[in-house]
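# What the coordinates show
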Amino acid sequence: MSRLVEPAPKFLPHEWKHTNNVQFRNAESERARSERLTAESQRLMEQCDKTAKRMQAEASKKLEMRITDIKFWKLELDRKLDEVVRETENLITYRSRVQRALESCSEPLTVTIQCLAEREKRMGIDLVHDEVEVELMKQREVIEGVAALLERTLEQTNEQIRLNRSAKYYLEKDLQDKFKAENIDDFCSVLTSTYPDSESTGAGAAMDHLAGNMVTPDEWETFSDINLLKVEKERTNSVALRSLVDNLLQQTAADMSTQHNTASSTLEMNVQRIKTAKATLEDHLSKVLAEVGSQEKNLEALRVALADKEGPLRVAQGRLQARSLRPNVELCHDAVQAQLLLEVQTLGEQINSLKATLAASEMELRALDRRQLALEEQIHSKAHALYIDEVVCTQLRQPIAIHNF
């Protein structure tokens, strides 16, 4: 127990010296290690600073290049957008022209159908399938064909306007995205190391979120290039369609005008033909009426002549009857008897001839009366047909004007 409470034994001098040497060496080692760490830290800081500045400079340079690329594509997109907008406006104007041309077909078609319906009211032989009807039916077919063609063209124009607007929509969307991207990159290009950290809070999380949605630069250029190609395709189609519409409007107007003029010319010639036929019929009617009067006078003369022959016949017959009462040998067939017999026979033949001529004259007069009625009916029919063609149809067609819209 007494040993346990004894003070510790003292160290020897060599132990003290050894301990000090160990402490010296440890301190020297720690100091050298610290100096090396300090030098390494300085070198690392300088390297990191250079690297950060170099990478920031490279990033700024790439940002400037990227902004330049975005501006280039924006200019291309803007140019194509202006082109497709102007082209769409031009196409809308052409659509209005087609609509007006289509609306202008309504009146000529209605008038043509009315003319055909009016000409169905002609009477008798004048209800003929003539050249006027042929040309009017052809005009109706031409107008209906033109209207159908313009209707299809209008539908095609509306579809092209829709396609132009669709291409314009994608261009505008692309431009909006590039505008936002340019603003973001402009903002990034002015960021410095002294910018508040609060602005970049959550950047790492955003990068992780967008990593799966990013596209390659080639895909980025291809996307805009596809939009430009699509717009150019639709603009080219639109220009071709406008050229087609120009030719179509010109050709359809020419076709309608040619057929309208042909039908009008045919109608005028038919009016002249009807007038000529009517005048000829009227001339014949006047001659028939004159002949009716002449025949009536002839009938009267024949009746008078027939009446004039009855007296001499009665005298001759009375003489023969009286001479038949001569007595005996006096009943002689003498020259008087022969003359009286010849007179009775001759007068009888003349009376029969006059009666036959009178009957023939009466038949001819009835035939002339029938011819007069037929001529009057034909003249009335011609006058009715002339009224339809010269007055009704001509007045209906007069306001028609074929325009080249």
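Structural data are supplied above this passage.
Here the structure is a predicted model, which is why all the values come from computation and not from measurement.

### Comments concerning the packing of helix H2 (residues 106–119) against helix H6 (residues 335–397)
- One way to put it is that H2 packs onto H6 with a least axis distance of 9 Å and a crossing angle of 165 degrees. Overall, the two elements H2 and H6 adopt an arrangement that is roughly antiparallel. At the point where H2 passes H6, the crossing takes the right-handed sense. Taken together, the residues of H6 that come into contact with H2 (itself represented by Val111, Thr112, Gln114, Cys115, Glu118 and Arg119) are Ile388, Asp389, Val392, Cys393, Leu396 and Arg397.
- By residue class, the composition of the contact of H2 with H6 is 6 nonpolar, 2 polar and 4 charged.

### Brief notes about the packing of helix H1 (residues 13–104) against helix H3 (residues 131–190)
- For the pair H1 and H3, the least separation of the axes is 8 Å and the interaxial angle reads 160 degrees. In terms of orientation, H1 lies roughly antiparallel with respect to H3. For H1 against H3, the interelement crossing comes out left-handed.
- Looking at side-chain class alone, the contact of H1 with H3 contains 22 nonpolar, 8 polar and 16 charged residues.

### Digging into the environment of Ser381
- Within the secondary structure, Ser381 is located in helix H6.
- Taking the C-alpha atoms as reference points, Ser381 and Leu127, separated by 254 residues in sequence, lie 9.3 Å from one another.
- Setting aside its immediate chain neighbours within four residues, Ser381 contacts Met123 and Asp126.

### Things to note about a negative patch on the surface
- On the surface, Asp69, Asp218, Glu219, Glu221 and Asp225 cluster together into a negatively charged patch.
- Sorting elements by how many residues they give to the negative patch places helix H5 (residues 217–323) first, with 4 residues.
- Along the chain, Glu221 turns up in helix H5.

Basis of the calculations
- Residues numbered from 1 in each chain as written.
- Predicted model: local features only at pLDDT ≥ 70, side-chain atom pairs only at ≥ 80, totals over all residues.
- Heavy atoms only, no water.
- Axes fitted to C-alpha atoms, helices over the stretch in contact; angles between N-to-C directions.
- Helix = DSSP H or I, 4+ residues; strand = E, 2+ residues; numbered from the N terminus.
- Parallel < 35°, antiparallel > 145°, perpendicular 65-115°, else oblique.
- Left-handed = near helix turned anticlockwise from the far one by under 90°.
- Contact = heavy atoms within 4.5 Å.
- Nonpolar A, V, L, I, M, F, W, Y, C, P; charged D, E, K, R; others polar.
- Patch = residues over 30% accessible without salt bridge, like charges linked within 9 Å, V, L, I, M, F, W, Y side chains within 5 Å.
- Areas by Shrake-Rupley, 256 points an atom, 1.4 Å probe, with all protein chains shown as cover.
- Salt bridge = Lys/Arg side-chain N within 4 Å of Asp/Glu carboxyl O.
- Lys, Arg positive; Asp, Glu negative; His and termini not counted.
- Charge placed at Lys NZ, Arg CZ, Asp CG, Glu CD.

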